[in-house]
Amino acid sequence: MTMAIDSFTKALAALRRTPAEGGAPPAGAWPLARAIHHVTLGVEYSLDGYPVLRSALFRATVGRIAAARFLRAGVMRHDCAKPLPGEPEGALPSLDDAQARLEAAVARFQRHAGPLAPHFAFGVLDKARYERVHAMHLADHLRVYGPPVPEPEVSHPELLSAL
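What you are looking at is a predicted structure, and each value in this text was computed from that prediction instead of being measured.

1. Let's talk about the overall build of the protein chain
- Within the protein chain, the secondary structure is distributed over six helices and zero strands.
- Secondary structure of the protein chain in N-to-C order comes out as α-α-α-α-α-α.
- In the protein chain, which comprises 163 residues, the share counted as buried stands at 45%.
- A fraction of 83% describes how many contacts in the protein chain between residues 6 or more apart in sequence connect residues 24 or more apart.

Next up, the structure:
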């Protein structure tokens, strides 16, 4: 039985066990440093605010349902080659720098005692749910590099395509 990755502790441990790619990433996947950078931005945006939000109606309906299903399943599946809305383009950090920035963002999130910014798609999340969402987000990106992440019991492609 594979352990679900639903906390920062488990997610960072999985990241440390993920081998750095020795050349090109798997077909269709981002380089590992790019994926880590992307996940880091999500953690930072939950503290500082996302640059672009889906509509309030989307967040209150489709986004809320998708978040609930991901949280219930303990696994997130999404388009791992799609940037966050408003995610800046530019030079990417090295793998070591990307991992260090993620660890710093996680530490900052864990110390944070104030309100969190609404998720761009899922809307308002409490700190425990946000941590699970971030951990599952990282796990989904890591699954193409290993270690294995369990497949969801029920797939909801109509929700995934909306994100």
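2. Observations concerning the packing of aromatic side chains
- Here the structure, examined in full by the defined rule, presents five aromatic pairs.
- Through successive ring pairs, a cluster of aromatic residues spans Phe8, Phe109 and Tyr130.
- Above the plane of the ring of Trp30 lies Arg34, whose end atom (NZ or CZ) is 3.9 Å from the centre.
- In this structure, Arg54 is placed above the aromatic ring of Phe58, and the distance from its NZ or CZ to the ring centre is 4.7 Å.

3. With respect to the nonpolar core
- One finds Leu15, Leu102, Phe109, Phe122 and Leu138 to be the most contacted residues of the largest nonpolar core, which totals 41 residues.
- For this core, the secondary structure elements donating two or more residues are α1 (8-17), α2 (32-48), α3 (56-73), α4 (95-111) and α5 (127-142).
- At eight residues, the largest contribution of residues to this core is made by α2.
- Ignoring any residue separated from it by four or fewer positions in sequence, one finds Leu138 in contact with Ala11, Leu15, Val39 and Leu102.

4. Describing the environment of Leu71
- Note on placement: Leu71 falls in helix α3.
- Residues Leu71 and Tyr130, spaced 59 residues apart in sequence, show a C-alpha to C-alpha distance of 9.8 Å.
- Non-local contacts of Leu71, meaning those with residues more than four positions away in its chain, are made with Arg129, Arg132, Val133 and Met136.

5. A few points about the packing of α2 against α5
- Running from amino to carboxyl end, α2 crosses α5 at an angle of 170°, the nearest separation of the two axes being 10 Å. Relative to α5, the element α2 is oriented roughly antiparallel. Taken together, the residues of α5 that come into contact with α2 (itself represented by Leu32, Ala35, His38, Val39, Gly42, Val43 and Ser46) are Tyr130, His134, His137, Leu138, His141 and Leu142.
- Split by residue class, the contact of α2 with α5 holds seven nonpolar, six polar and no charged.

Thresholds applied
Residues numbered from 1 in each chain as written. Predicted model: local features only at pLDDT ≥ 70, side-chain atom pairs only at ≥ 80, totals over all residues. Heavy atoms only, no water. Helix = DSSP H or I, 4+ residues; strand = E, 2+ residues; numbered from the N terminus. Buried < 20%, exposed > 50% of the residue type's maximum accessible area, 1.4 Å probe, protein only. Contact = heavy atoms within 4.5 Å. Phe/Tyr/Trp six-rings, centres within 6.5 Å; stacked < 30°, edge-to-face > 60°. Lys NZ or Arg CZ within 6 Å of the ring centre and 35° of its normal. Core = buried A, V, L, I, M, F, W, Y, C linked by side-chain atoms within 4.5 Å. Axes fitted to C-alpha atoms, helices over the stretch in contact; angles between N-to-C directions. Parallel < 35°, antiparallel > 145°, perpendicular 65-115°, else oblique. Nonpolar A, V, L, I, M, F, W, Y, C, P; charged D, E, K, R; others polar.

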